[in-house]
Amino acid sequence: MSFIDMMKQDYDLDDNQANALKIELQKIEEYFDKNFEDSPSFFAAFYERFEKTIAPYGFEDAKQVEPLISSLYRQGKFRILVSYVIPAFYQSGGNSEIFADTYTQMLNHH
């Protein structure tokens, strides 16, 4: 299933919303690649940027973000982004139980 189809089916986004979110997620992945620094402030700022990117699409709290992260990881196209988001969340003080299943999948996949 394509990213667009997944977002429409699982999250009730329309074509325009799903396409816009896809572009935004690609941009945030590029931002990480270009600006990475191994510091708590970078991780906190990156996760905050991720939250602000997805909030307009209905993902406004951890309970809504967790299934999205899982879907993005399973979908494949955004596995690298997920591998940035989860550690950034943890590095910035996020609850280690959130994203735990997806994080375990990531660790077992390598």
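Everything numeric in this text was worked out from a predicted model, so none of it was measured.

Draft legend 1. Structural context of the overall build of the protein. Per the secondary structure count, the protein includes 6 helices and 0 strands. For the protein, the succession of helices and strands along the chain, N to C, is α-α-α-α-α-α. The C-alpha atoms of the protein give 13 Å as radius of gyration, which agrees with the globular expectation for 110 residues (13 Å, within 12%). Principal-axis analysis of the C-alpha atoms places the extent of the protein at approximately 35 × 25 × 25 Å. Pairs at least 24 residues apart make up 55% of the contacts formed inside the protein by residues separated by at least 6 positions. Within the protein, one finds 10 positive and 18 negative side-chain charges whose respective centroids are separated by 5 Å.

Draft legend 2. Structural view of unusual backbone geometry. Positive phi values are uncommon outside glycine, yet Asp 12 reaches one of about 60 degrees. Its place among the elements puts Asp 12 in the loop between α1 (3-11) and α2 (15-35). Judged by relative accessible area, Asp 12 falls into the exposed class, the value being 67%. Even without a glycine there, the phi angle at Phe 99 is positive, about 70 degrees.

Draft legend 3. Region of interest: the side chain of Thr 102. Tracing the backbone shows Thr 102 in helix α6 (residues 100-109). With near-sequence residues (within four places) excluded, Thr 102 lies in contact with Ile 69, Ser 70, Tyr 73, Val 82 and Ile 86.

Basis of the calculations
Residues numbered from 1 in each chain as written. Predicted model: local features only at pLDDT ≥ 70, side-chain atom pairs only at ≥ 80, totals over all residues. Heavy atoms only, no water. Helix = DSSP H or I, 4+ residues; strand = E, 2+ residues; numbered from the N terminus. Rg over C-alpha atoms; globule rule 2.2 N^0.38 Å. Contact = heavy atoms within 4.5 Å. Lys, Arg positive; Asp, Glu negative; His and termini not counted. Charge placed at Lys NZ, Arg CZ, Asp CG, Glu CD. Buried < 20%, exposed > 50% of the residue type's maximum accessible area, 1.4 Å probe, protein only.

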